[in-house]
Amino acid sequence: MTTSFTVKTVSTLLLGMSIGVNPYVMAQDSQTAATDTDEDMVAWTPPPPPPDEFDWIQLNSGEWLKGEFKVLYDDSVEFDSEELDLLRIDWADIKQVRGATTFAVNIEGRDDVVGKLEVNGDRVMIVAAGDTQEFNRADVISIAQGVPKESNYWSAKFTLGLNISQGNSDRQDLNLALNAKRRTADSRFLTDYLGFYSKSDHVKTDDNHRLRSTYDIFRTRRFFWRPLLGEFFRDPFQNISYQLTVGAGAGYQLIDTSKTEWSIAAGPAFKYTKFETVEADENDSESTPALWASTNYDRELNSKMDLILGYNTVIGNRDSGGYTHHAIATLETELLSWLDFDTSFIWDHVQNPTRDSDGSVPDKDDYRFVIGLGVDF
């Protein structure tokens, strides 16, 4: 048998001789202990969490967090830790989940699956009444605590901007935005309202309102049908008393990750416009078949800031405005978990505005820069 000696081993031999202990045995014990310690440092991993009333998640780094797994939505997990408060963690950064209560899991291509939740790597296991169902993690769309209920499918945001000034000039500016979404395993309903109202010295200077809703049915995780698109628009200063657009079509999720979403969609539509005023002998309304297209891009820039881009266009006949579009770019900055500071740039364009009764032609382009506070629900 061959014994290897290091500087540390020689030092141990000399120490053993000086105190009357068998130096060879002492050196062997010392070397064995050092070897065992090194092996333990390499092989040691934390024990699994105990089965208690808490939910546990393990990050890819190996760290375990104890608390309450509230929801997985849009590839982001909300986890409430007693020490760290409410956390938002990318789904891709989580290695394991051990749920203590009942969860409803949306799986692509099927109804919600309800039971006790366990996630390990790419495997998702749901245990109910002693039966275990296993799924691929890539097929999970959302997870909500408790049994399925309507409120689990909804999220919303309300944004308010306000400017009031008095003195040499009395002015009141108000803008409102409401965004609501209902998402299930195979469908998505979106509705957005954006409104502007202004008065200057008691004279109305802005009265712009846009309400848009879409309903999508996902045939795969990325491809969807859009059986319904509807939009109401009003702006007397663009000589539009009201405008209705109804359409249908299809779309595709070009990117769908924890940090980036990008979708495109298009299809046929019908557009009806009622004008505020027109010249003599001109029709006060116009209807036309049309084509619509849209794209939406949402990018998480960092843990506090998101960039959201939206572009919607409708192409009809010349008398209805021809080519029109509504484009908006928003930078969301999270102040609190439920409160955002939003800055937006909006560009509305009408290729062929309709003359009013005085023969005046509205401008083709309207630009707006808007700031506001947004509350998430």
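Remember, predicted model here, so these are calculated numbers, not experimental data. Once a new chain begins, its residue numbering starts again from 1 and follows that chain's sequence as written. Local features in this predicted model are restricted to residues of pLDDT 70 or higher, and side-chain atom pairs are both shown and tallied only at a pLDDT of 80 or more, whereas totals for entire chains, interfaces and linings draw on every residue. Side-chain descriptors were evaluated using all non-hydrogen atoms of the structure, hydrogens and water having been removed beforehand.

**Q** Would you mind showing me how to read the overall build of the protein here?
**A** Counting from the N terminus, the helices are DSSP H or I runs at least four residues long and the strands are E runs at least two residues long. Counting its secondary structure elements, the protein contains two helices and 21 strands. To sort residues, take the accessible area from a 1.4 Å probe on protein chains only and compare it with the maximum for the residue type: under 20% means buried, over 50% means exposed, and anything in between is partly exposed. Buried positions account for 36% of the 377 residues belonging to the protein. Residues count as neighbours in contact if any of their non-hydrogen atoms are within 4.5 Å of one another. Intrachain contacts of the protein at a sequence separation of at least 6 include 49% that bridge at least 24 residues. For the protein, the exposed surface amounts to about 21,000 Å²; the carbon and sulfur share of it is 57%. Note on areas: Shrake-Rupley with a 1.4 Å probe; residue coverage comes only from the protein chains shown.

**Q** Sorry if this is basic, but what is going on with the pairing of strand 2 (residues 64-73) here?
**A** A regular strand carries its side chains on alternate faces of the sheet. As paired strands, strand 1 (residues 55-59) and strand 2 are joined by four bridges and run antiparallel to one another. Paired with Asp55 across the two strands is Gly67, which belongs to strand 2. Whether two strands pair comes down to DSSP finding at least two bridges between them. The hairpin turn running from strand 1 into strand 2, its antiparallel successor, is four residues long, and Gly62 in that turn takes a positive phi close to 100°. Taking the residues that link successive antiparallel strands as the turn, the strand 2-strand 3 (residues 76-81) hairpin has two residues, and the phi of Asp74 there is positive, at about 55°.

**Q** Would you mind going over the environment of Glu286 with me for this structure?
**A** With respect to the helices, strands and loops of the structure, Glu286 is situated in strand 17 (residues 285-300). Each C-alpha atom of the pair Glu286 and Gln243 lies 9.5 Å from the other, and the pair is 43 residues apart in sequence. Once residues lying within four places of it in the same chain are set aside, the contact partners of Glu286 are Lys271, Tyr272, Thr273, Phe275, Asn317, Asp319 and Ser320. As used in this structure description, the phrase polar contact means that two N or O atoms lie within 3.5 Å; if the pair is within protein, one of them must be able to donate a hydrogen and the other to accept it, and residues adjacent in sequence are counted only when both atoms belong to side chains. Here the side chain of Glu286 touches Asn317 through a polar contact of 3.0 Å, side chain to side chain.

**Q** Mind showing me how you'd approach the nonpolar core here?
**A** Soluble globular proteins tend to pack their nonpolar side chains together in the buried interior. Here, the term nonpolar core denotes a set of buried Ala, Val, Leu, Ile, Met, Phe, Trp, Tyr and Cys residues that are joined through side-chain atoms within 4.5 Å. Residues Ile57, Phe69, Trp91, Ile94, Val97, Leu117 and Ile143 are the most contacted members of the largest nonpolar core, which totals 23 residues. When residues in this core are grouped by element, the largest group, five residues, is from strand 5 (residues 94-107). Beyond its immediate stretch of four places on either side in the chain, Trp91 contacts Phe69, Leu72, Asp75, Ser76, Val77, Val97, Val119, Arg137 and Ile143. Residues Phe218, Leu229, Ala265 and Ala269 belong to the second largest nonpolar core, which totals eight residues.

**Q** Would you mind going over the packing of aromatic side chains with me for this structure?
**A** A ring pair, where both rings are aromatic, is described by two values, the distance of the centres and the angle of the planes. Whether two aromatic rings pair depends on their centres lying within 6.5 Å, for rings of Phe, Tyr and Trp, where Trp uses its six-membered ring; planes under 30 degrees apart make the pair stacked, over 60 edge-to-face, and the rest tilted. Overall, the coordinates contain eight aromatic pairs when judged by the stated rule. Note on Phe345 and Tyr367: the rings are 6.3 Å apart at their centroids and 20° apart in plane angle, and the pair reads as stacked. With a gap of 22 residues between them, Phe345 in strand 20 (residues 339-350) and Tyr367 in strand 21 (residues 365-376) connect regions that are remote in the sequence. On the numbers, 6.0 Å between centres and 25° between planes, the contact of Trp347 with Tyr367 is stacked. Placement of Trp347 in strand 20 and of Tyr367 in strand 21 is noted, with a sequence separation of 20 residues between them. Within the aromatic cluster, the residues linked to one another by ring pairs are Phe345, Trp347 and Tyr367. We call a charge positioned above a ring when the Lys NZ or Arg CZ atom is no farther than 6 Å from the ring centre and deviates by at most 35 degrees from the ring normal. Just above the ring of Phe54 sits the side chain of Lys66; from NZ or CZ to the centre is 4.5 Å. Sitting over the ring of Phe196, Arg368 keeps its end group 4.3 Å from the ring centre.

**Q** It is not clear to me how a negative patch on the surface should be interpreted in this structure. Could you clarify?
**A** What goes into a patch is any residue over 30% in relative accessible area without a salt bridge, connected to like charges within 9 Å or, for nonpolar side chains (Val, Leu, Ile, Met, Phe, Trp, Tyr), within 5 Å. Put simply, a salt bridge is a Lys or Arg side-chain nitrogen that is within 4 Å of an Asp or Glu carboxyl oxygen. His residues and chain termini do not enter the charge count, which takes Lys and Arg as positive and Asp and Glu as negative. A single reference atom marks each charge: NZ on Lys, CZ on Arg, CG on Asp, CD on Glu. A cluster of acidic residues, Glu279, Asp281, Glu282 and Asp319, forms a negative patch at the surface. Along the chain, Glu282 turns up in the loop between strand 16 (260-275) and strand 17.

**Q** Quick question: what am I supposed to make of the pattern of salt bridges here?
**A** Should the charged atoms of two oppositely charged side chains come close, the side chains can pair. The tally for this structure, following the rule as stated, stands at 19 salt bridges. The partner of Lys259 in a salt bridge is Asp90, with the nearest N and O atoms 3.1 Å apart. Placement of Lys259 in the loop between strand 15 (240-256) and strand 16 and of Asp90 in strand 4 (residues 85-90) is noted, with a sequence separation of 169 residues between them. Residue classification places Lys259 among the partly exposed residues on the basis of a relative accessible area of 35%. Classification of Asp90 as buried rests on a relative accessible area of 11%.

**Q** I tried to follow the pairing of strand 9 (residues 140-145) on my own but got confused; where do I start?
**A** Among the six residues of strand 9, five are classified as buried, and the element is accordingly described as predominantly covered. The sheet contact formed by strand 2 and strand 9 spans two bridges and is antiparallel. Paired with Leu72 across the strands is Ile143, a residue of strand 9. Where strand 5 and strand 9 come together, five bridges link them in antiparallel fashion. Within the sheet, the bridge partner assigned to Phe103 lies in strand 9 and is Gln145.

**Q** Would you mind going over unusual backbone geometry with me for this structure?
**A** Excluding glycine, residues mostly carry a negative phi; peptide bonds, for their part, are mostly trans. Although it is not a glycine, Asp201 sits at a positive phi angle of roughly 50°. Here Asp201 shows up in the loop between strand 12 (187-200) and strand 13 (203-218). The backbone of Asn239 sits at a positive phi, close to 65°, despite the residue not being glycine. Secondary-structure assignment places Asn239 in the loop between strand 14 (223-235) and strand 15.

**Q** Even after reading the chapter, I still don't get the environment of Glu108, so can you show me in this structure?
**A** Tracing the backbone through its elements, the reader meets Glu108 in the loop between strand 5 and strand 6 (113-120). Of the residues examined, Glu108 reaches a relative accessible area of 26% and is grouped as partly exposed. Excluding anything up to four places from it in sequence, Glu108 contacts Asp139, Ile141, Thr220 and Arg221.

**Q** What am I meant to see in a nonpolar patch on the surface here?
**A** A contiguous nonpolar surface patch, about 1,000 Å² in accessible area, is contributed by Leu335, Leu336, Trp338, Phe341, Phe345, Trp347, Tyr367, Phe369, Ile371 and Leu373. Contributing elements (two or more residues each) for the nonpolar patch: strand 19 (323-336), strand 20 and strand 21. No other element matches strand 21, which puts four residues into the nonpolar patch.

These results come straight from atomic positions and should not be treated as a statement about function.
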